[in-house]
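# Chain and residue survey
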Amino acid sequence: MGRHVICRAEDIAPGSSKRVEVEGREIAVFNTGTAFRAVTNRCPHEGADLCRGRIAAFVDADAPGAFTVDEDRVMVRCPWHGWEFDLETGRSYCDPNRVRVKPFEVNVQQADGRVEGKYSVETFPVEAEGEYLVLTI
């Protein structure tokens, strides 16, 4: 899989997401407010779009009423049945060793003012020899 420009960073507001298609794969890209994360868009349970899920901090509890919130570990909650997946590793909260979604690396890079598009035209070298133009194919 190569590198792909998917959108401008400002197109995904903090706390929101965007569904993109790259090389035939649906990918959900999230702006957690501190980082961009991406995972496969489909929940392995019943196929819901994870890009429509809520982003939430990881909550763990050792006993009833004794819980901790880890703001650095961000989860996405499936919009249909609430299955949660760690946005960094793709692992599920309930069964992290068996149920997961594939995570993808996302980088924010400065643009040089233009982005190479998917459309291009073939070019050919042309030389001037005396009064004649010579096209090389």
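Just so you know, these numbers come straight off a predicted model, no measurement behind them.

What follows covers the overall build of the protein. What the protein contains, in helices and strands, is zero helices and nine strands. Scored against the burial criterion, the 137 residues of the protein give a buried share of 23%. Accessible surface for the protein amounts to roughly 10,400 Å². Of this, 47% is attributable to carbon and sulfur atoms.

Bringing the sheet that holds strand β4 (residues 54-63) into the picture now. If you trace the three strands from one edge of the open sheet to the other, you get β4-β5-β6, paired in antiparallel fashion. In this open sheet, the two strands that pair with only one neighbour each are β4 and β6 (84-86). Within the sheet, the average angular offset between the axes of one strand and its neighbour, ignoring direction, is 55°. Relative to β6, strand β5 (residues 66-77) runs antiparallel, the two being bridged by three bridges. Across the sheet, residue Val-76 finds its bridge partner in β6, namely Phe-85.

Side chains of Val-59, Phe-67 and Val-69 sit close together on the surface and give an oily, nonpolar patch of about 280 Å² of accessible area. In this structure, Val-59 sits in strand β4.

Procedures and definitions
Residues numbered from 1 in each chain as written. Predicted model: local features only at pLDDT ≥ 70, side-chain atom pairs only at ≥ 80, totals over all residues. Heavy atoms only, no water. Helix = DSSP H or I, 4+ residues; strand = E, 2+ residues; numbered from the N terminus. Buried < 20%, exposed > 50% of the residue type's maximum accessible area, 1.4 Å probe, protein only. Areas by Shrake-Rupley, 256 points an atom, 1.4 Å probe, with all protein chains shown as cover. Pairing = 2+ DSSP bridges. Axes fitted to C-alpha atoms, helices over the stretch in contact; angles between N-to-C directions. Patch = residues over 30% accessible without salt bridge, like charges linked within 9 Å, V, L, I, M, F, W, Y side chains within 5 Å. Salt bridge = Lys/Arg side-chain N within 4 Å of Asp/Glu carboxyl O.

By themselves these figures say nothing about function.
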